[in-house]
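Single-letter residue listing:
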Amino acid sequence: MEAARPPANAGKFVVVGGGIAGVTCAEQLATQFPSEDILLITASPVIKAVTNFKQISKILEEFDVEEQSSTMLEKRFPNIKVIESGVKQLKSEEHCIVTEDGNQHVYKKLCLCAGAKPKLICEGNPYVLGIRDTDSAQVTNFNIVFRYEIEGCEVIWAIKDKAIGNTFFDAGAAEFLTSKLIAEKPEAKIAQKRTRYTTEGKHRKGLQENLIKQILEIVIWFSHKIHLETMCEVKKIYLQDEFRILKKKSFTFPRDPKSVTTDTEMWPVYVELTNEKIYGCDFIVSATGVTPNVEPFIHGNSFNLGEDGGLKVDDHMHTSLPDVYAAGDICTASWQLSPVWQQMRLWTQARQMGWYAAKCMAAASLGDSIDMDFSFELFAHVTKFFNYKVVLLGKYNAQGLGSDHELMLRCTKGQEYIKVVMQNGRMMGAVLIGETDLEETFENLILNQMNLSSYGEDLLDPNIDIEDYFD
Ligand code: FAD
């Protein structure tokens with residue numbers, strides 16, 4: 001017998017997840033339906049709120065992410081009720097979710113925003129650490145935890161690719177940014193006990209880049225030595241006892257890469273890399289990507305999943321199940337994407353998706369139609385890297401453009417780096433590092449797909465005021 005479906009107006013708007021996507025979705029629903037109760041169910045004791053929001057151009061936005069108590073959210077939006085309990089089951093036929101505290105909540109429309117889980121290179125090893133976004137996002141937060149360990153330490157950084165930040169940057173931009181990294185740092189002011197840690201990163205999508213970026217920044221601030229091992233992966237991790245029994249040899253920190261020496265010191269943990277090198281260290285920071293957190297919701301439900309394991313959503317953030325929407329890291333954008341937008345698991349997209357999902361849920365429940373939000377027209381992200389402003393627009397790394405694209409570059413060492421990706425005379429993407437003031441103009445040029453062939457190299461000529469040119 002088919003399970004009885006509750007009438008469309010039964011139940012509430014329910015949002016699962018207290019991250020940026022979930023909180024933004026709940027806030028938007030609460031604003032649109034001030035006389036209805038909106039339920040936000042989250043597994044964590046704190047929620048993440050967007051603060052200091054600034055729209056810096058049509059699509060580029062900047063904001064801070066702050067962890068807050070859920071009562072602060074309930075105070076700001078009295079019709080939001082936060083339930084602090086993990087969802088353990090979704091009974092989609094019955095329009096009902098079951099939480100760890102044993103309660104069931106009937107929904108009329110549900111938005112799943114349970115984020116993604118960092119992948120650890122190995123589970124259950126006390127010396128392998130993962131970090132959360134808000135730990136790493138604010139260097140000051142991270143300091144509280146790690147400052148004393150990291151100050152004066154040596155860092156061995158193992159990466160799968162040839163250069164740091166492969167997904168975000170081409171070799172030129174990476175060089176521009178990392179020249180600071182390679183420069184020897186002065187001795188740290190307070191010398192702590194000698195510490196060494198290893199970080200391992202497989203470059204996967206934006207999230208990974210951010211993590212790596214944050215670690216790098218922290219390292220720059222607090223370590224005085226960093227050694228890169230490129231094009232390798234972690235092969236094996238040994239605890240001290242295991243390593244001693246195996247009688248393997250490890251290397252000392254390579255001060256001079258040409259002369260590697262055997263380490264006589266014993267370390268709590270050892271990492272063997274696929275390039276056969278073994279290093280001992282105090283702890284390992286694992287930064288190897290994330291997996292969408294779909295596990296609690298998929299059992300017994302026929303969700304369509306993306307290749308990356310996320311819940312597939314259409315251009316209305318709707319999953320393949322009736323009245324179930326998804327936003328943020330948990331979802332996989334499966335609509336016909338704009339040629340200059342791609343999904344990257346970042347705060348900006350979590351906010352935009354959460355906001356737009358709420359608009360779609362509201363429109364569907366009122367029987368209105370709604371157009372896709374324009375933030376999905378163009379990929380636009382602004383961030384900081386080594387204190388430089390970094391703006392990424394469209395297909396900034398020529399993603400998926402094939403071989404018939406051209407790159408135009410302008411670089412002033414230590415000041416700015418500009419890269420433009422052109423195809424058939426049209427601007428498809430750009431990387432702007434430093435205070436270039438070009439983001440708005442380039443955003444427009446990518447959006448309007450104007451034929452720029454006749455401008456040739458003038459496009460990046462520093463003596464031409466390009467903003468005036470296209471006004
Ligand atoms: P999340 O923020 O992960 O929130 C998920 C929420 O769901 C949490 O509240 C969780 O408790 C809840 N939840 C999970 N399971 C359940 C359940 N079963 N029941 C109920 N609730 C549940 N992005 C940037 O733009 N800039 C950066 O600098 C940056 N740095 C990052 C650094 C690191 C180390 C990491 C891991 C990510 C970073 N990101 C960064 C990416 C960014 O954090 C994510 O894209 C963003 O947080 C996704 O938001 P979300 O709301 O989808 O998910």
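All of the points below concern the structure found in this document. (Residues numbered from 1 in each chain as written. Predicted model: local features only at pLDDT ≥ 70, side-chain atom pairs only at ≥ 80, totals over all residues. Heavy atoms only, no water.)

1. Focus on the overall build of the protein chain
Phase 1 of the analysis: Per the secondary structure count, the protein chain includes 11 helices and 26 strands.
Phase 2 of the analysis: Across the 471 residues of the protein chain, 53% fall into the buried class.
Phase 3 of the analysis: Of the contacts made within the protein chain by residues no fewer than 6 positions apart, 66% connect residues no fewer than 24 positions apart.
Phase 4 of the analysis: Here the protein chain has roughly 21700 Å² of accessible surface; of this, 50% comes from carbon and sulfur atoms. (Helix = DSSP H or I, 4+ residues; strand = E, 2+ residues; numbered from the N terminus. Buried < 20%, exposed > 50% of the residue type's maximum accessible area, 1.4 Å probe, protein only. Contact = heavy atoms within 4.5 Å. Areas by Shrake-Rupley, 256 points an atom, 1.4 Å probe, with all protein chains shown as cover.)

2. Examining the packing of helix H1 (residues 20–32) against helix H9 (residues 347–366)
Relative orientation and spacing of two packed helices are given, respectively, by the angle between their axes and the distance between those axes.
Phase 1 of the analysis: Between H1 and H9, the shortest axis-to-axis distance is 7 Å and the interhelical angle comes to 35 degrees. As for the relative orientation of H1 and H9, their crossing is right-handed in sense. On H9, the residues that touch Ile 20, Ala 21, Thr 24, Cys 25, Gln 28, Leu 29 and Gln 32 of H1 are Trp 347, Ala 350, Arg 351, Gly 354, Trp 355, Ala 358, Lys 359, Met 361 and Ala 362.
Phase 2 of the analysis: Classifying every residue of the contact of H1 with H9 gives 10 nonpolar, four polar and two charged. (Axes fitted to C-alpha atoms, helices over the stretch in contact; angles between N-to-C directions. Left-handed = near helix turned anticlockwise from the far one by under 90°. Nonpolar A, V, L, I, M, F, W, Y, C, P; charged D, E, K, R; others polar.)

3. Some points on the side chain of Glu 229
Phase 1 of the analysis: Mapping Glu 229 onto the fold places it in strand E13 (residues 225–229).
Phase 2 of the analysis: Judged by relative accessible area, Glu 229 falls into the buried class, the value being 4%.
Phase 3 of the analysis: One polar contact links Glu 229 to Asn 275, side chain to side chain, over a distance of 3.0 Å.
Phase 4 of the analysis: Those residues within four positions of Glu 229 in sequence are excluded, and the remaining contacts are Ile 156, Trp 157, Ala 158, Ile 159, Leu 273, Asn 275, Lys 277 and Tyr 279. (Polar contact = N/O pair within 3.5 Å; in protein donor to acceptor, adjacent residues only side chain to side chain.)

4. Topic: unusual backbone geometry
Phase 1 of the analysis: Despite not being glycine, Lys 247 has its phi angle at roughly 55 degrees, a positive value.
Phase 2 of the analysis: With respect to the helices and strands, the residue Lys 247 is situated in the loop between helix H7 (240–246) and strand E15 (269–273).
Phase 3 of the analysis: Here Asp 323, not a glycine, exhibits a phi torsion of approximately 65 degrees, which is positive.
Phase 4 of the analysis: You can see Asp 323 is positioned in the loop between strand E19 (311–313) and strand E20 (324–326).

5. Considerations on the packing of aromatic side chains
Two aromatic rings are characterised by how far apart their centres lie and by the angle between their planes.
Phase 1 of the analysis: By the definition in use, this model includes 10 aromatic pairs.
Phase 2 of the analysis: Between Phe 53 and Phe 63, the aromatic rings sit 6.1 Å apart at their centres with planes inclined by 20 degrees, giving stacked as the arrangement. Separated by 10 residues along the polypeptide, Phe 53 in strand E3 (residues 46–55) and Phe 63 in strand E4 (residues 61–69) bring together distant segments of the chain.
Phase 3 of the analysis: Consider the rings of Tyr 356 and Phe 376, whose centres lie 5.6 Å apart with planes at 55 degrees: the pair is tilted. Linking Tyr 356 in helix H9 with Phe 376 in the loop between H9 and strand E22 (380–385), this pair joins segments that are 20 residues apart in sequence. (Phe/Tyr/Trp six-rings, centres within 6.5 Å; stacked < 30°, edge-to-face > 60°.)

6. Some words on the pattern of salt bridges
Phase 1 of the analysis: Overall, the coordinates contain 14 salt bridges when judged by the stated rule.
Phase 2 of the analysis: With a shortest N-O distance of 3.2 Å, Glu 229 and Lys 277 are connected by a salt bridge. Here Glu 229 is found in strand E13, whereas its partner Lys 277 is found in the loop between E15 and strand E16 (278–281), with 48 residues between them in sequence.
Phase 3 of the analysis: We classify Lys 277 as partly exposed; its relative accessible area is 24%.
Phase 4 of the analysis: Residue Glu 439 is joined to Lys 389 by a salt bridge in which the shortest nitrogen-to-oxygen separation is 2.7 Å. Taken as a pair, Glu 439 in helix H10 (residues 439–448) and Lys 389 in strand E23 (residues 388–394) lie far apart in primary sequence, 50 residues in all. When sorted by exposure, Glu 439 lands in the same class as Lys 389, which is buried.
Phase 5 of the analysis: Shared partners join several salt bridges into a network, and the residues in it are Lys 235, Lys 248, Glu 272 and Glu 276. (Salt bridge = Lys/Arg side-chain N within 4 Å of Asp/Glu carboxyl O.)

7. Let's talk about the sheet that holds strand E26 (residues 426–433)
Phase 1 of the analysis: What the five strands build is an open sheet, ordered E22-E23-E26-E25-E24; its pairing is antiparallel. The open sheet has two free edges, formed respectively by E22 and strand E24 (405–412), since each of these has just one partner strand. Strand-to-strand, the axes of this sheet are offset by a mean angle of 15 degrees, without reference to chain direction.
Phase 2 of the analysis: In terms of strand pairing, E23 meets E26 through five bridges, oriented antiparallel. Bridge pairing in E26 places Leu 392 opposite Val 431.
Phase 3 of the analysis: Where H10 meets the sheet, it contacts E23, strand E25 (416–423) and E26, and its direction lies at approximately 160 degrees from that of E26. (Pairing = 2+ DSSP bridges.)

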